[in-house]
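# Tertiary structure, described
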Amino acid sequence: MKVRDVMTPNPVTITVNSKVSDAAGILRKKRIGGLPVMNGERVAGIVTETDVLSLLETGDLSDDLWLPSPLEIIEIPIREYINWEKTKKALSDIGDSPVSDIMSTEIVSIDDEADIEDAAGLMLSEGIARLPVLKHNRLVGIITRQDIVRGIGTGSNGD
């Protein structure tokens, strides 16, 4: 079975100048895990949910037990409000960043004439979940792990 038989043709894309918030919105709305990033007709990179999540600094959790004093109990809501305002600002700053700041630029792609076994092997060896599919160096589709599993399943009695 060939990549072209199981790929998603004409994938949703985004441009290098788009905002991270736009990419995150598309990922959420389309329920997909990654987007090819285009610079004109050329695939310039891939942006994934992991790339977006990596922008968030989660910090380390403390193992210390802390019991507030009566005065600190009054201070906690004020401190939490200030922290929430800082968090909201940080999230909006992240969303305004260009996709080019977070996308992966080392593009691993595959030809539409390749066998799905080759696509699966490439995904496994590179530790990735999706591949842009090219035909004559132009983006024609995207293939994911799920596409490959679905393709293998249709070739058996698993329908």
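In the annotation of an unreviewed UniProt entry, the chain is listed under the name CBS domain-containing protein and assigned to Methanoplanus endosymbiosus.

### Points about unusual backbone geometry
With a phi close to 45°, N10 is a non-glycine residue in the positive phi region. By the element assignment, N10 lies in the loop between β1 (8-9) and β2 (14-15). For R31, which is not glycine, the phi dihedral falls at a positive 55°. When you line up the elements, R31 lands in the loop between α2 (20-30) and β3 (34-39). Taking relative accessible area as the criterion, R31 reaches 77% and is therefore assigned exposed.

### Here's the deal with the environment of I116
In this fold, I116 is placed in helix α5 (residues 116-126). The sequence separation of I116 and V6 amounts to 110 residues, and the corresponding C-alpha distance is 8.2 Å. Those residues within four positions of I116 in sequence are excluded, and the remaining contacts are M1, K2, V3, V6, I143, I148 and I152.

### So, the sheet that holds β2
In space, the 3 strands of this open sheet follow the order β2-β3-β4, with mixed pairing throughout. Here the strands that pair on one side only, and so sit at the sheet edges, are β2 and β4 (42-48). Both β2 and β3 contribute to a ladder of 2 bridges, which runs parallel. If you follow I14 over to β3, its bridge partner there is V37. In this fold α2 packs onto β2, β3 and β4, with an angle of close to 135° to the strand it touches most, β3.

Cut-offs used in this document
Residues numbered from 1 in each chain as written. Predicted model: local features only at pLDDT ≥ 70, side-chain atom pairs only at ≥ 80, totals over all residues. Heavy atoms only, no water. Helix = DSSP H or I, 4+ residues; strand = E, 2+ residues; numbered from the N terminus. Buried < 20%, exposed > 50% of the residue type's maximum accessible area, 1.4 Å probe, protein only. Contact = heavy atoms within 4.5 Å. Pairing = 2+ DSSP bridges. Axes fitted to C-alpha atoms, helices over the stretch in contact; angles between N-to-C directions.

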